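# Commentary on secondary and tertiary structure
The chain contents come next:
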Amino acid sequence: MQTTPLINEHLKLKAKMAPFAGWNMPIQYEGIIAEHNYTRQAASLFDICHMGEFYVKGDALNIGLENMFSFSVTNMPIGKCRYGAMLNENGGIVDDLVAYRIAKNEWLIVVNAGTIEKDFAHIKFRLKKESYIENRSPTLTKLDLQGPLSRDIMAKLINPGVANLKYYTFNHFDILGERNIISRTGYTGELGYELYISTGKAVELWNLLLKDKRLKPAGLGARDTLRLEMGYSLYGQDVDDNTTPLEAGLEKFINFDRDFIGKDALLRQRKIGVKRLLVGFKADSRKSPRHGHSITKDGRSVGIVTSGSFAPSLSCGIGLGYIETAHAKTGENILIKSGDVEINAAITAKPFYTKGTARS
Amino acid sequence: MNIPDDLLYTKEHEWIKIEGNKGAVGITDYAQSHLGDVTYVELPEKGKSVKQSEALAAIDSVKAASDIYAPMSGTVSEVNEGLESAPESVNKDPYGAGWIAKIDIKDAEEKKNLMDSKAYKQYLESIKE
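Now for a look at the structure at hand. Throughout, residues of each chain are indexed from 1 in the direction in which the sequence is written. Working convention: letters from A go to chains and numbers from 1 go to ligands, in the order in which they are written. Confidence filtering applies because this is a predicted model: local features only for residues at pLDDT of at least 70, side-chain atom pairs given and counted only at 80 or more, and all residues used for totals across whole chains, interfaces and linings. Calculation of side-chain values draws on the structure's entire complement of heavy atoms; hydrogens and water are dropped beforehand.

### Digging into the overall build of chain B
Only DSSP runs of H or I covering at least 4 residues are called helices, and only runs of E covering at least 2 are called strands; the numbering of each starts at the N terminus. Helix and strand content of chain B: four helices and nine strands. For chain B, the N- to C-terminal ordering of α and β elements is β-β-β-α-β-β-β-β-β-α-α-β-α. For 129 residues, the compact-globule estimate of 2.2 N^0.38 gives 14 Å, and chain B sits close to it at 13 Å. Projected onto the principal axes, the alpha-carbon positions of chain B cover approximately 35 × 35 × 20 Å. Across the 129 residues in chain B, those meeting the buried criterion constitute 51%. Residue contacts are defined here by distance: any two heavy atoms, one from each residue, within 4.5 Å place the two residues in contact. In chain B, once contacts between residues fewer than 6 apart in sequence are set aside, the share between residues at least 24 apart is 63%. Counting every atom, chain B has about 6400 Å² of accessible surface; 44% of that belongs to carbon and sulfur. To get the radius of gyration, use the C-alpha atoms; to get the globule rule, take the number of residues to the power 0.38 and multiply by 2.2 Å. Throughout, exposure labels follow a simple rule: accessible area from a 1.4 Å probe, protein chains only, divided by the maximum for the residue type, with under 20% read as buried, over 50% as exposed, and the rest as partly exposed. For the area figures, the Shrake-Rupley method with a 1.4 Å probe applies, and any residue is considered shielded solely by the protein chains shown.

### Some remarks on the environment of B:Thr75
Residue and element names in this part refer to chain B. Summarising the element assignment, Thr75 is placed in strand β8 (residues 74-79). According to the relative accessible area criterion, Thr75 is partly exposed, its value standing at 30%. A C-alpha to C-alpha distance of 24 Å links Thr75 and Ser85, two positions 10 residues apart in sequence. Beyond its immediate stretch of four places on either side in the chain, Thr75 contacts Gly47, Lys48, Ser49, Lys102, Ile103 and Asp104.

### Structural notes on the interface of chain B and chain A
Much of the literature gives interface size as the accessible area that the parts lose upon coming together. With 15 residues of chain B at the contact, the number on the chain A side is 13 residues. In short, buried area is how much 1.4 Å probe accessible area vanishes from two parts on joining, totalled over both. Across the interface of chain B and chain A, roughly 1100 Å² is buried in total on both sides, 47% from carbon and sulfur atoms. By the criterion of area lost to chain A, the three top residues of chain B are B:Thr39, B:Val62 and B:Lys63, representing 45% of everything that side buries. The working definition used for a salt bridge is a side-chain nitrogen of Lys or Arg within 4 Å of a carboxyl oxygen of Asp or Glu. For A:Lys287, the salt bridge is made with B:Glu42, and the minimal N-O distance between the two is 3.6 Å. Taken together, the elements giving at least two residues each to the side of chain B that touches chain A come down to α1 (29-35), β4 (38-42) and β6 (55-61) of chain B.

### Some thoughts on the sheet that holds strand β15 (residues 294-297) of chain A
Residues and elements named next belong to chain A. The antiparallel closed barrel is built from six strands, whose spatial order is β14-β17-β16-β15-β18-β19. On average, adjacent strands in this sheet sit at an angle of 40° to one another, irrespective of strand direction. Bridge count for strand β18 (residues 333-338) against strand β19 (residues 341-348) is six bridges, and the pairing is antiparallel. Paired with Asn333 across the two strands is Ala346, which belongs to β19. On top of the sheet, helix α7 (residues 220-229) reaches β16 (300-311) and β17 (316-324); it is set at about 125° to β16, its chief contact. Pairing between strands requires that DSSP locate at least two bridges from one strand to the other. As a rule, the C-alpha atoms of each element are fitted with a line to give its axis, helices using only the stretch in contact, and angles between N-to-C directions run from 0 to 180 degrees.

### A closer look at helix α5 (residues 150-157) of chain A
Residue and element names in this part refer to chain A. Along α5, the residues classified as buried are Ser150, Ile153 and Met154. Down the axis, α5 shows its buried residues gathered within 95° of arc, on one side only. Considering only its buried residues, α5 is in contact with β9 (140-146), β11 (178-183) and β12 (192-198). The directions from the helix axis to the C-beta atoms are what the arc is built from.

Written as structure tokens, this is what we have:
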């Protein structure tokens, strides 16, 4: 089991630790609901050091990087971040990721923790010889500061210039004696920042940020309920190598005006039409749908739940799941079933939570 | 960890407070702490007959769902309807406002299958090892 550089800080804070994607991670400190609500109302600090970072250098068109993702990396302005997917030849999602354009011919690619090795092999195998790729995951690490107060806290503790960052952009700032990236990104729906720093300085940065008493640590439990309230997919649960962005409702993150790996398969699928779609649904009670529960309609199984939880901001159960396309209509009533568990729910537009401050 | 002396306990971390032929049932401080934030309690129907160790109710926390087992056989005489709007009482006050149901006890002899507070404390220590 791998640990992040912050393991001792989590233990000092009496975090409940649990395995996640091969890492021993803090799930909660004070409690998932308290941390969830605090993130929406104030600001929380998350240890995301387990995620992966690849540095790629070269002419994106010539080295094959332009074809690597569902989005174009060559039409991104320098200083811009972009979310999308890396696909296999069948259009299946190898990973969802965020690319940062550092310079004309330099990118940072941020990937999920459980897919670092797979992703690195996928990219390296397909990049042409004249490229340079480096897995910086062991030496570069990341903290997320999320919540409406995060701008004030960052401006005060790190640099007033951070406040000028627009949504999904980044810049380099001096942080604890090194110059590194801070981006205005995150996966909670709230105004927030992701800070990159050398692994050896992660503890120092964690403790520097927590000196601001408005900021509290939050674990992966709250991170999961926050992302689910926004209807965001979790890799390995809602999307994987066998699901395509068209099925997962991620079409807006695909730029079809260029070639990319998996494009032909997606065009074929788009022509035929997808058989299933990832939808969001809301329970009519506080009961929580769970991963693996069956989605039924008129007594027949028509789909499966991929993510489910109680939504602290909405006080009801919510979930994501794949459902036969014919039933994937907003407002359609469904019954979630597993053994004796029965939950009445209705298909709901995403995000479930609409008051997020991310773009403010 | 709070383990009151006047209750009896199961290995699945339920408690029962016996008064005459009635027993109030809930989950222990240890159980609520492990479950985390309780978000929903599926209460049993009044009049339901349950056997010792059979499922009596179910609890959802943010991360998991768990069955609650009957510490003793009996008939459900009362349920804690306050948990429908305030399931977090199970976390805040597991031995008080967080009680789940009361049963009319069918067989007082079944007490011998339960642990007193001292034995439950030892049991918790043994499972922590």
